[in-house]
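Take a look at the letters that make up each chain.
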Amino acid sequence: MCYSLRVLFLLTVPANNTRGPRYMEKALAAIHQARLRHAVTLSYASSETQVGLFIQCHSVDRDTVLEPIIASYPHATISPMEEPTSDEVGTWACTLRLLPELFPILRHAQFEDLLNHTFADPVSGLLRAILPDAGLMGRIEISIQPASRRRCHHARQSVKLLDRGFFRRHHRLAAYFAAHITRPRRWFVAWIFGLFARCTPQPSHTSLDTSTSRLHEREEDLQAAADKLGGHLFESSIQLVVSCPDSSRSEARERLRRMAGAFGAFTKSRLATFSVSRTQRGLTTAGHVPSFLLSHEELATLWHPPTEAALPERMQSSDFQELEAPSTLCSKGEDVVILGRTLFRDDRRPVGLANEDRRRHLYLVGKTGMGKTTLLQNMLVSDMQSGRGLCLIDPHGDLADSITALVPSHRTNDVILFDAGNRDQIVGFNPLACHDATRIDQVTSGAVSAMKKLYDSWGPRLEDTLGNAVYAIVERGGNLMSVMQLLGEKPYREQVVPMIRDQVVRSFWLYEFASWSDNYRTEAVAAIQNKLRPFVVNSTIRAIVTHPNPAIDFRRIMDDGKVLIVNLSKGRLGEDNSTLLGALLVTSIQQAAMTRADIPETDRRDFSLYVDEFQNFTTGSFASVLSEARKFRLSLIVAHQYLLQLDDETSDAVFGNVGSIVAFQVGSDDAQRLAEQIGKYPGQIAPENLSGLPKYTAYVRLLIDGMPSKPFSMQTLSPADPPSLERADIIRRVSQRRFARHVTAEPIAV
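Analysis parameters
Residues numbered from 1 in each chain as written. Predicted model: local features only at pLDDT ≥ 70, side-chain atom pairs only at ≥ 80, totals over all residues. Heavy atoms only, no water. Helix = DSSP H or I, 4+ residues; strand = E, 2+ residues; numbered from the N terminus. Rg over C-alpha atoms; globule rule 2.2 N^0.38 Å. Contact = heavy atoms within 4.5 Å. Areas by Shrake-Rupley, 256 points an atom, 1.4 Å probe, with all protein chains shown as cover. Lys, Arg positive; Asp, Glu negative; His and termini not counted. Charge placed at Lys NZ, Arg CZ, Asp CG, Glu CD. Salt bridge = Lys/Arg side-chain N within 4 Å of Asp/Glu carboxyl O. Phe/Tyr/Trp six-rings, centres within 6.5 Å; stacked < 30°, edge-to-face > 60°. Buried < 20%, exposed > 50% of the residue type's maximum accessible area, 1.4 Å probe, protein only. Lys NZ or Arg CZ within 6 Å of the ring centre and 35° of its normal. Core = buried A, V, L, I, M, F, W, Y, C linked by side-chain atoms within 4.5 Å. Pairing = 2+ DSSP bridges. Patch = residues over 30% accessible without salt bridge, like charges linked within 9 Å, V, L, I, M, F, W, Y side chains within 5 Å. Axes fitted to C-alpha atoms, helices over the stretch in contact; angles between N-to-C directions. Parallel < 35°, antiparallel > 145°, perpendicular 65-115°, else oblique. Left-handed = near helix turned anticlockwise from the far one by under 90°. Nonpolar A, V, L, I, M, F, W, Y, C, P; charged D, E, K, R; others polar. pLDDT = per-residue confidence, 0-100.

The secondary structure content of the protein chain amounts to 28 helices and 27 strands. Expected size for 750 residues packed as a compact globule is a radius of gyration near 27 Å; at 37 Å, the protein chain overshoots this value by more than 25%. Oriented by its inertia axes, the alpha-carbon framework of the protein chain measures out at about 130 × 50 × 50 Å. Partitioning the intrachain contacts of the protein chain with sequence separation of at least 6 by distance along the chain shows that 79% fall at a separation of at least 24. Accessible surface for the protein chain amounts to roughly 34,000 Å². Of this, 49% is attributable to carbon and sulfur atoms. Between the averaged position of the 85 positive side-chain charges in the protein chain and that of its 83 negative side-chain charges there is a distance of 7 Å.

The structure is reproduced here in structure tokens:
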């Protein structure tokens, strides 16, 4: 893999991050041990609205730098960035230098309050100092590289000299020696003082031989210096940069002064302090920035992801945790549909769902606008291109319109476009059609369940009467208008009842129904009619369900691998009509799938049913659809927005039978339950991560070779091709010519 010479990365952690500088200390120690080939720049920088942590390194050191940081902060996200460039703003900069570099700054342990279990994160001051304001954007650059052995040895020997009797008697000379012995200028005089120190005896026991406590409590100055130089040492340089328009020069100087002042929180006057250079226009080139020694502990104190205790303002944070994908994923093969790409650091492998695993169904959930429709669209297009049979039921209409415009040319004659809101071109569908006498019970039950879904006022008498009416009409081969006639027209009833073959149903009409008083019968019939009438009064719906030659034969559509696109736009049909028609369609598809029992399972062609906002169309038999459809090669891909849309029975059926789950961003209440369902063990997914997923990003639990995978993060793909209005027009014309009829009749009074 090729990289440019210098690469820039953004480091983000969750807002509730609890891993402080102690973890960065371990990462820097590992980086030091790996012996970097080139300098690394650790930055705090502001953009137009936010503040972030950045890492810039040479491409050959990329893994050496990033992997220890990832290991220390497993919840962090490291994203490659383009280096910002702008010719419209000026740049002012100054540099910092640590004096004397032999002594340390305050280290992170000294900011801890063990008694109250708090940590006063010192980087909060740095982050506030670079907040963008009125066109000013600040940046703090800390460049590091492992110090040479010669420089480390020289510094350690200098500290040992400071412990000699000469410098203990002459404190001013000791201070001069410490400040200048490692500097390129005035080092000679300091070296002379060192010669005098060497002539004095070395103490037999010194504080340098005693290690300091973890909290650096009550340590002597030389003891602190020895502790610093005993760590992993880096040659470091700090540059403060402000970018702003040329007219804001004075504001830039003031901002640089504030940024330099923020470093005062890390220093103690009797140890080491930072000195500030003069402000200059433009950046100081790398070779001219003064370097000084910092230990890995000091660097970790200066640069680390802020903890939640810092309460950083406008800090770029990761709203969710990227989860590692399984090592084995389906991504190739004719029977694999691609869902997206893995999203875990540099891992961007295709995520596919094999046909065998797809038969255990796929469940999509997430707020509106989060990417469910895009994923459905990509899957639908993939199925059409691969020659698979499918049905899409869309209660909004937008997805159906998009898919119509994306049908490949070789599938033109396979498409049946069922646009229920089209009043001019009607595609017939009889929900009471039954071609197998042994399945009349199931058709009747499905139709009654679909009607029951719409109404709260539902009693045993109503259900019994409606069930007997529907059974009689299904047996006769009628439609919903025939049900209305059976209930409301005595001559029609007298003609139909004697011909009913089922003895129990015929007995109901001949004896029980006939024995009711006129008032009682009127009341019972009216309760049913007022539920069916709105459905058949709609002239378009009535034309669909009373079509003399219904074009939709679901069994044939499945066996021949056709493409059925159902547009049930609520805006044109009305919510109740859309819901009832959709529920009847789902029930009919289920019944058609069950009839495939008459052919061997190996000969059953796979068929996929896509249902958007599926909670509108679920009936009491939905659980059996999920559990039994796999045997008949019917795969369900269902989507909706939040869990409260499902009743308890449907919810239990989904989580009990669906093999694969794709969860986009959801609300906090749903996040709690989905985290339990997707995770393999408690706590594997934090509910707040599900609530913080960005657009087109999801947590996925896939069925792989029949077994559920561990949850991982995935990013959906952008649509490959834009919809073609010309293709959509062709599909509509071809489908209407083959399956629709033109209707001009006036509405029939009922």
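Let's pick the thread back up.
With that settled, the discussion passes to the pattern of salt bridges. This structure, assessed with the given rule, holds 28 salt bridges. Three or more residues are tied together by salt bridges with common partners; here these are E356, R359, D606 and R633.

In this section: the packing of aromatic side chains. Applying the stated criterion across every chain yields a total of 17 aromatic pairs. Both rings, one in F274 and one in F292, keep their centres 6.3 Å apart while their planes meet at 70°; by these two values the pair is edge-to-face. Highlighted residues: F274 in strand β10 (residues 273–276) and F292 in strand β12 (residues 292–295), separated in sequence by 18 residues. Of the residues examined, F274 reaches a relative accessible area of 15% and is grouped as buried. Ring-pair connections join several aromatic residues into one group, and the members of that group are F111, F263, F266, F274 and F292. Sitting over the ring of W92, R281 keeps its end group 4.6 Å from the ring centre. For the cation-ring pair, R461 lies above Y520, with the distance from its terminal atom to the ring centre recorded as 4.7 Å.

Counting 104 residues, the largest nonpolar core has Y363, I393, F418, W509 and L690 as its most contacted members. Apart from the residues lying within four places of it in its own chain, the contact partners of L690 are A663, F664, Q665, V666, A671, L674, A675, I685 and Y699. In this structure, V51, I70, A147 and A252 belong to the second largest nonpolar core, which totals 83 residues.

Moving on, we come to the pairing of strand β1 (residues 6–12). Taken across its 7 residues, β1 has 6 buried, putting it largely inside the fold. Pairing between β1 and strand β3 (residues 51–58): 6 bridges, direction antiparallel. Bridge pairing links L10 to F54 in β3. Bridge count for β1 against strand β4 (residues 77–81) is 5 bridges, and the pairing is antiparallel. Counted as the bridge partner of F9 is P80 from β4.

This part covers a nonpolar patch on the surface. Judged by side-chain polarity, W187, F188, V189, W191 and L195 come together as a nonpolar surface patch covering roughly 470 Å² of accessible area. A relative accessible area of 37% places V189 in the partly exposed class.

What follows concerns the packing of helix α1 (residues 21–33) against helix α2 (residues 62–72). Interaxial distance between α1 and α2 falls to 8 Å at its minimum, and their mutual angle equals 150°. Judged by the angle between their axes, α1 and α2 are roughly antiparallel. Considering the relative orientation of α1 and α2, their crossing is right-handed. Residues Y23, M24, K26, A27, A30 and I31 of α1 form the contact with α2, whose participating residues are T64, V65, P68, I69 and S72. Of the residues assigned to the contact of α1 with α2, the class counts are 8 nonpolar, 2 polar and 1 charged.

Turning to the confidence of the model for the protein chain, a few remarks are in order. When the pLDDT values of the protein chain are averaged, the result is 86; 94% of them are 70 or greater. Scored below 50 in pLDDT, residues 745–750 shows 7 contacts in the model against residues more than four places distant or in partner chains.

This brings us to unusual backbone geometry. Outside of glycine, negative phi angles account for most residues, and trans bonds account for most peptide bonds. Residue P100 is bonded to the preceding L99 through a cis peptide linkage, with omega at -15°. Structurally, P100 can be placed in the loop between β5 (90–99) and β6 (112–113). For R345, which is not glycine, the phi torsion reads 55° and is therefore positive. Turning to its location among the elements, R345 is positioned in the loop between β13 (336–342) and β14 (350–354). You can call R345 partly exposed: its relative accessible area is 23%.

We now examine helix α8 (residues 221–229). Within α8, burial applies to L222, Q223, A224, A225, K228 and L229. Looking at the buried side of α8, the elements it contacts are β5, α4 (149–162), α5 (165–169), β9 (233–244), β12 and α10 (296–302).

This next bit is on α2. Taken together, the buried positions of α2 are occupied by R62, V65, L66, P68, I69, I70 and S72. In this structure, the buried side of α2 is in contact with β1, α1, β2 (40–46), β3 and β4.

On the secondary structure map, T118 appears in strand β7 (residues 118–119). Residue class for T118 comes out partly exposed when judged on its relative accessible area of 42%. Taking the C-alpha atoms as reference points, T118 and A309, 191 residues apart in sequence, are found 7.9 Å from one another. Beyond its immediate sequence surroundings of up to four residues, T118 is in contact with F111, E112 and D113.

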